[in-house]
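# Coordinates in review
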Amino acid sequence: MTRPSPRVPFERRFRHGLRTHRASISDFVLGVGVLLTVLAVGYFTPLSSWGPFPAINAATDTPSANYNLVFVVVGPIVAIVGAYLVGSYYVARAKFEHLMVTKSKAEFLRNIPELEDLLWELTPRDEVRYEQKRAELRVRR
């Protein structure tokens, strides 16, 4: 009889999910930050009387709380964090792709430390591609 495999802890599954969907999560964070910043700009500038902003401002400026003040603070911070996440992911992706298409074993060996650092920013599929490239070039650990 085969034993059922032990259940993987939630935190490990969560981290694996974050790494797998890193690009879409960073794009989403940037989008939310930009949206919050646009809502704040739409409230505190002359744009407040144009387009969809009067209806949005009526919903976010309630008698008990003015959420637009929160948008002014949180929006740019989330946008900056999202821009960093997006930038770091796509720069790491470009470097990784460049190093993976090389046919030169010498260049690959020179850049192994950089490749292993880049893998922290990339997905688990990229780790598998890295291991396959090492096997293809017959590089020992």
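Please refer to the structure higher up on the page.
These numbers were taken from a predicted model, which means no experiment stands behind them.

## As for a nonpolar patch on the surface
- On the surface, Phe 44, Tyr 67, Leu 69, Val 70, Val 72, Val 73, Val 74, Ile 77, Val 81, Tyr 84 and Leu 85 cluster together into a nonpolar patch covering about 990 Å² of accessible area.
- Here Val 81 shows up in helix H4 (residues 67–100).
- Look at Val 81 and you get partly exposed, because its relative accessible area is 42%.

## Some thoughts on helix H2 (residues 22–44)
- End to end, H2 covers 33 Å across 23 residues, agreeing with the expected 33 Å (1.5 Å per residue, within 8%).
- Among all positions of H2, only Ala 23, Ser 26, Gly 33, Leu 36, Leu 39, Ala 40 and Gly 42 are buried.
- Buried residues belonging to H2 abut helix H3 (53–60) and H4.

## Quick look at the pattern of salt bridges
- Under the definition given, this model contains eight salt bridges.
- Arg 93 is paired through a salt bridge with Glu 97; the nearest N and O atoms lie 3.1 Å apart. Note that Arg 93 and Glu 97 are positioned in helix H4 at a spacing of four residues, about one turn of the helix.
- Of the residues examined, Glu 97 reaches a relative accessible area of 28% and is grouped as partly exposed.
- Within this structure, Arg 93, Glu 97, Asp 126 and Arg 129 form a network of salt bridges that share partners.

## A word on H3
- Along H3, the positions that sit buried rather than exposed are Phe 53, Asn 57 and Thr 60. The arc enclosing the buried residues of H3, seen along the axis, measures out at 70°, which places them on a common side. Exposed side of H3, more than 90 degrees from the buried face: Ala 55, Ala 58 and Ala 59 are the residues found there.
- Looking at the buried residues of H3, the elements they touch are H2 and H4.

Scoring rules and cut-offs
- Residues numbered from 1 in each chain as written.
- Predicted model: local features only at pLDDT ≥ 70, side-chain atom pairs only at ≥ 80, totals over all residues.
- Heavy atoms only, no water.
- Patch = residues over 30% accessible without salt bridge, like charges linked within 9 Å, V, L, I, M, F, W, Y side chains within 5 Å.
- Areas by Shrake-Rupley, 256 points an atom, 1.4 Å probe, with all protein chains shown as cover.
- Salt bridge = Lys/Arg side-chain N within 4 Å of Asp/Glu carboxyl O.
- Helix = DSSP H or I, 4+ residues; strand = E, 2+ residues; numbered from the N terminus.
- Buried < 20%, exposed > 50% of the residue type's maximum accessible area, 1.4 Å probe, protein only.
- Expected span 1.5 Å × (residues − 1).
- Contact = heavy atoms within 4.5 Å.
- Arc of directions from axis to C-beta.

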